[in-house]
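The chain contents come next:
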Amino acid sequence: MTWKIGNAAREKLAKLGVNRPFDLLLHLPLRYEDETHLYPIADAPLGQTVQVEGRVVHCQAQYRPRKALVCRIEDGGGEIFLRFLHFYPSQLKTLAEGKTVRALGELRHGYHGLEMVHPRYRVVGEEAPLAEALTPIYPTTAGLSQDSLRKHIRQALASENLADTLPEKLREQHRLADFAASLAYLHQPPPDAAQMALVERTHPAWQRLAFDELLAQQLSMRHHYRQRRSFDAPPLAPSGALSQAFLRSLPFALTGAQHKVLAEIRRDLGQPHPMQRLLQGDVGSGKTVVAALAALQAIENGYQAALMAPTEILAEQHFLKLAGWLEGLGVKTAWLASRLSAKEKRAALEKAASGEAQLVVGTHALFQEQVEFHNLAVAVIDEQHRFGVHQRLALRQKGRAAVHQLMMSATPIPRTLSMSYYADLDVSVIDELPPGRTPVLTRLVSDARRDEVVTRVRAACLDGRQAYWVCPLIEESETLQLKTAVETYETLATTFPDLNIGLVHGRLPGAEKAEVMAAFKRGDLHLLVATTVIEVGVDVPNASLMVIEHAERMGLSQLHQLRGRVGRGAMASVCLLLYQQPLSELARERLKIIHDSSDGFEIARRDLQLRGPGEFLGARQSGVPMLRVADLERDADLLDLARDTAQSLLQDYPEHAARHLERWLGGRQDYLKT
Ligand code: ADP
Ligand code: MG
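The model shown is predicted, which means the values in this text are computed figures rather than measured ones.

1. Looking at the site of ligand 1
- In the neighbourhood of ligand 1, 18 residues make up the surrounding shell, with Gln258, Gly284, Lys287, Thr288 and Arg437 lying closest.
- Serine 285 is positioned with one of its backbone polar atoms (N or O) 3.4 Å from an oxygen atom of ligand 1.
- One of the side-chain nitrogen or oxygen atoms of threonine 288 is found 2.6 Å away from an oxygen atom of ligand 1.
- Taking 570 Å² as the accessible area of ligand 1 by itself, protein coverage stands at 86%.
- Of the residues forming the shell around ligand 1, the biggest block, three residues, is contributed by helix H11 (residues 287-300).
- Its residues assigned to classes, the shell around ligand 1 shows six nonpolar, six polar and six charged.

2. Digging into helix H4 (residues 146-159)
- The terminal C-alpha atoms of H4, which comprises 14 residues, lie 20 Å apart, in line with the 20 Å expected from a rise of 1.5 Å per residue.
- Among the residues of H4, those classed as buried are Leu149, Arg150, His152, Ile153, Ala156 and Leu157. When H4 is viewed along its axis, its buried side chains cluster within an angular range of 165 degrees and face the same direction. Exposed positions of H4 whose direction lies more than 90 degrees from the buried face are Asp147 and Ala158.
- On its buried face, H4 sits against helix H1 (7-15), helix H2 (21-26), strand E9 (135-137) and helix H6 (179-187).

3. Some points on the packing of aromatic side chains
- Inspection of every chain in the model, using the stated rule, returns six aromatic pairs.
- When the ring of phenylalanine 22 is compared with that of phenylalanine 179, the centres are 6.4 Å apart and the planes differ by 25 degrees; the resulting orientation is stacked. Of the two residues, phenylalanine 22 sits in helix H2 while phenylalanine 179 sits in helix H6, which places them 157 residues apart along the sequence.
- Overall, phenylalanine 179 belongs to the buried group, its relative accessible area being 0%.
- Plain terms: the ring middles of phenylalanine 84 and tyrosine 121 are 5.4 Å apart, the flat faces sit at 65 degrees to each other, and that makes the pair edge-to-face. With a gap of 37 residues between them, phenylalanine 84 in strand E4 (residues 79-84) and tyrosine 121 in strand E8 (residues 120-124) connect regions that are remote in the sequence.
- Here phenylalanine 84 falls in the buried class, since its relative accessible area comes to 2%.
- Taken together, the ring pairs in this structure connect Phe22, Phe179 and Trp664 into an aromatic cluster.

4. Describing the sheet that holds strand E20 (residues 527-530)
- The six strands are arranged E17-E22-E21-E18-E20-E19 in an open sheet whose pairing can be described as parallel. Taken across any chain shown, the strands that pair with only one partner, and hence form the sheet edges, are strand E17 (441-446) and strand E19 (501-504). For this sheet, the mean inter-axis angle between neighbouring strands, taken without regard to orientation, is 20 degrees.
- Pairing geometry for E17 and strand E22 (residues 574-579), over six bridges, is parallel. Paired with threonine 442 across the two strands is cysteine 575, which belongs to E22.
- Running at roughly 150 degrees to strand E21 (residues 543-548), helix H19 (residues 556-563) makes contact with E17, strand E18 (466-470), E21 and E22 of the sheet.
- In the packing of helix H20 (residues 585-596) onto the sheet, the strands contacted are E17 and E22, and the crossing angle to E17 comes to about 150 degrees.

5. What about unusual backbone geometry?
- Here glutamine 581 and proline 582 are connected by a cis peptide whose omega angle stands at -10 degrees.
- Inspection of the secondary structure puts proline 582 in the loop between E22 and H20.
- At arginine 175, a residue that is not glycine, the phi angle is positive and equals roughly 50 degrees.
- Within the secondary structure, arginine 175 is located in the loop between helix H5 (168-173) and H6.
- On the accessibility criterion, arginine 175 (76% relative accessible area) is exposed.
- Of note, the phi angle at arginine 201 is positive, near 65 degrees, even though the residue is not glycine.

What counts as what
Residues numbered from 1 in each chain as written. Chains lettered and ligands numbered in written order. Predicted model: local features only at pLDDT ≥ 70, side-chain atom pairs only at ≥ 80, totals over all residues. Heavy atoms only, no water. Near = heavy atom within 4 Å. Polar contact = N/O pair within 3.5 Å; in protein donor to acceptor, adjacent residues only side chain to side chain. Areas by Shrake-Rupley, 256 points an atom, 1.4 Å probe, with all protein chains shown as cover. Helix = DSSP H or I, 4+ residues; strand = E, 2+ residues; numbered from the N terminus. Nonpolar A, V, L, I, M, F, W, Y, C, P; charged D, E, K, R; others polar. Expected span 1.5 Å × (residues − 1). Buried < 20%, exposed > 50% of the residue type's maximum accessible area, 1.4 Å probe, protein only. Arc of directions from axis to C-beta. Contact = heavy atoms within 4.5 Å. Phe/Tyr/Trp six-rings, centres within 6.5 Å; stacked < 30°, edge-to-face > 60°. Pairing = 2+ DSSP bridges. Axes fitted to C-alpha atoms, helices over the stretch in contact; angles between N-to-C directions.

What follows is the structure, given as structure tokens:
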């Protein structure tokens with residue numbers, strides 16, 4: 001259909017997210033009013049919204065008890081007052097004595113007797129026909145009336161092609177309602193429709209639309225997945241001598257969960273197509289060992305592996321750890337940091353390009369800019385959630401084969417969201433922590449009791465423990481954040497003349513940052529004052545105390561990540577969350593959640609409830625596909641079905657799949673492209 005709507009109305013519609021005729025059909029009612037039925041006034045139930053009709057017997061503006069237009073109508077069996085607190089003088093004429101009025105509103109006991117306040121009303125003639133369907137009430141915006149919305153939507157319903165995109169067989173098999181009928185039902189429900197089910201969006205008609213939306217999302221993402229899958233990648237034979245030797249050299253045995261995800265990764269790496277796997281595991285669940293084993297599988301097969309991290313601090317930690325693990329086994333590594341001298345950098349780049357370096361570690365940014373490999377086969381991307389799923393890697397690589405990718409994330413994403421958001425990836429989950437961890441004790445402390453915290457930190461440090469002091473996040477200004485960190489550092493240094501204190505923040509030159517981290521790791525520093533740069537990956541097992549200032553400003557996943565920096569050793573660890581009063585409702589809720597739970601998945605689930613999927617994933621940043629109709633909590637079962645159906649449509653009914661995608665994503669497919 002062509003889009004026959006004037007510019008002014010179009011702008012208004014665009015505010016509602018309606019940009020094409022199909023969007024109009026998806027602009028679904030919030031609720032309905034029943035104008036299909038007239039109640040005799042005497043029988044009309046109190047406290048409900050009802051429609052009545054009667055003759056005006058009296059109408060006048062009155063001033064007591066307050067200014068109002070009061071109009072009395074009766075239908076032979078009873079009478080009620082229509083009361084308007086805001087009115088135009090012209091209404092006195094419209095509602096003149098003798099006119100017949102149809103009014104819809106909530107019936108209640110008022111000052112004069114039975115009344116409706118501000119009913120919707122119109123003057124009607126004899127035997128005026130009743131509505132045949134319930135009247136939809138749509139979400140709208142200033143300047144766009146319900147009537148004109150209804151008109152546009154009625155037109156779209158009549159003129160759009162609403163042919164079902166699901167094959168009849170699948171539709172029947174899964175007992176899904178007919179598409180066109182579902183839309184008609186939602187916009188124009190019959191008088192006897194179950195309004196509850198409509199408003200709560202559990203009605204089969206709603207379910208059909210929610211299903212279709214989820215299906216479109218799955219189709220689009222699976223489509224991209226299959227496209228990438230159609231590339232070639234070197235099949236890597238699993239688990240050779242190096243992997244065995246590495247496993248033997250570790251001071252611990254892998255957990256069951258690590259074994260399970262490793263088997264999944266090894267199977268993928270053996271395929272002649274690129275792996276696209278996301279490894280999820282809570283903070284401290286031991287993803288790095290798994291990454292090392294994935295890298296070794298490439299190296300054993302004569303290929304290179306790369307590991308990249310979002311920050312230089314983290315990349316360096318990884319490098320030190322992996323080099324420590326693997327160089328003893330004869331694996332050649334290279335380290336790429338922005339702070340290397342030009343000469344060192346060139347040397348590292350050459351090692352990558354010649355193939356001399358079997359494992360290259362660096363930051364994500366560096367890899368994207370300049371690295372060429374001899375024969376890269378496996379790329380591991382740590383803390384993948386920091387990049388947004390749609391920023392896939394553009395690894396430059398000579399030769400045509402694509403690279404196996406293992407993305408790791410410590411931000412657990414609830415299952416429904418991950419199925420929806422990561423439908424273009426295979427997902428492995430480490431759902432078990434290594435044994436012997438003592439849970440971190442979390443305490444909420446009002447900033448008014450800061451002195452006690454200071455005393456406690458000092459005592460712990462003098463007792464041989466190490467501590468982090470995390471400075472507040474200041475979103476508006478990085479400079480201000482820096483200033484706060486420096487000031488905190490100076491104040492603490494004055495307060496604790498007998499402690500060795502270090503400072504680390506994002507603006508510190510790379511070499512200094514590395515030096516401070518190394519000193520903390522060696523145990524030369526008691527206390528590390530830090531901005532949230534330490535949020536990811538930092539692993540210093542002897543650190544067992546953490547203070548987080550202005551914890552009320554931080555998001556749940558950030559708090560969880562920060563807290564994950566302690567509790568890595570055998571010692572009982574404590575995390576003190578300092579907060580400033582007064583707390584907003586949301587901040588209070590967040591602090592309660594982080595206090596009550598240490599399970600990343602549980603925290604993520606509650607965070608999702610608190611914020612909704614868009615906020616949760618940082619929609620603006622990552623371009624997460626927003627759902628208009630479906631709700632990942634309410635429609636969780638539909639998601640499974642949508643995923644299976646997407647597979648079978650792509651397999652057996654490609655034309656249906658194409659039509660479905662066109663209907664749902666036509667014009668806005670771009671956000672799903674990777
Ligand atoms: P994350 O998943 O947060 O990246 P790490 O890989 O940094 O976690 O692991 C956290 C700590 O647990 C590290 O010190 C690591 O050596 C140790 N670790 C990993 N796997 C095991 C295991 N199976 N048993 C005991 N300790 C382990
Ligand atoms: Mg990690």
